[in-house]
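# Residue-level structure breakdown
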Amino acid sequence: MRIGVLALQGAFIEHENMLRALGAQPVQVRLPEHLDKLDGLIIPGGESTTIGKLAISYGLMEPLREFAAQTPTWGTCAGMIFLAKDIGIDRQPILGLMDLTVSRNAFGRQVDSFEADLDISVLNGRPFHAVFIRAPVATAAGPDVAVLSRLPDGRIVAAQQGHLLATAFHPELTDDSRLHEYFLSLVG
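All of the points below concern the structure found in this document. (Residues numbered from 1 in each chain as written. Predicted model: local features only at pLDDT ≥ 70, side-chain atom pairs only at ≥ 80, totals over all residues. Heavy atoms only, no water.)

This next bit is on the nonpolar core. Core analysis: the biggest nonpolar cluster contains 64 residues, and Leu6, Leu64, Phe82, Leu100, Phe132 and Phe169 have the highest contact counts within it. Every residue in contact with phenylalanine 132, bar those within four places of it in the chain, is listed here: Phe107, Ser113, Phe114, Ala116, Leu118, Leu151, Val157, Ala168 and Phe169. (Core = buried A, V, L, I, M, F, W, Y, C linked by side-chain atoms within 4.5 Å. Buried < 20%, exposed > 50% of the residue type's maximum accessible area, 1.4 Å probe, protein only. Contact = heavy atoms within 4.5 Å.)

See below:
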């Protein structure tokens, strides 16, 4: 499987390493032609405004939107923001494909980053140890969105809409490959 990792900014190398360890072939995506012949795409965490501005600069917005509309795509942290249809009053480039309302930096500044064990409905076994770094949350999900995990206060931190997957945290910063395996199962 050839899985693209949007490599404009953020934690793309960590995703590549996880994919490689699972037997997939990661491909760095920086230009529209890099989307050719990919089986799936990961939009990593990073700074969502910067990712959007760079995507515009490199002519990637429409090609990414067309690709993700048809092909399994997973957004982690900033990638969740980038996939969402509604990010509130913030005005920045987004793909607007997933019926989620997302709040950026929902937990505050970098110093407020944290880790939590989550029950994720599509994963068997032990809870998933999630790393939240200046993370978003989804405050609402449309009727076609499956909520996969919530924090104890009810805020949504993992969701799926058909072939689109979004997580508010950074699974690539852990040793637990189960979410990457799940994404590859969506691709395969």
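Before going further, it helps to examine the pattern of salt bridges. Pairing of side chains with opposite charge becomes possible as their charged atoms draw close. Enumeration according to the criterion identifies six salt bridges in this entry. The shortest N-O distance in the salt bridge between glutamate 16 and arginine 20 comes to 3.9 Å. Here glutamate 16 pairs with arginine 20, and both are found in helix α1 (residues 12-21), just four residues apart, close to one helical turn. Glutamate 16 sits in the buried class, given a relative accessible area of 8%. Residue arginine 20 is classed as partly exposed on the basis of its relative accessible area, which comes to 46%. Residue arginine 104 is joined to glutamate 47 by a salt bridge in which the shortest nitrogen-to-oxygen separation is 3.1 Å. In this pair, arginine 104 is assigned in the loop between β6 (98-103) and β7 (114-118) and glutamate 47 in the loop between β3 (40-43) and α2 (48-57), connecting sequence segments 57 residues apart. It is possible to trace a salt-bridge network through shared partners that takes in Arg126, Asp176 and Arg178. (Salt bridge = Lys/Arg side-chain N within 4 Å of Asp/Glu carboxyl O. Helix = DSSP H or I, 4+ residues; strand = E, 2+ residues; numbered from the N terminus.)

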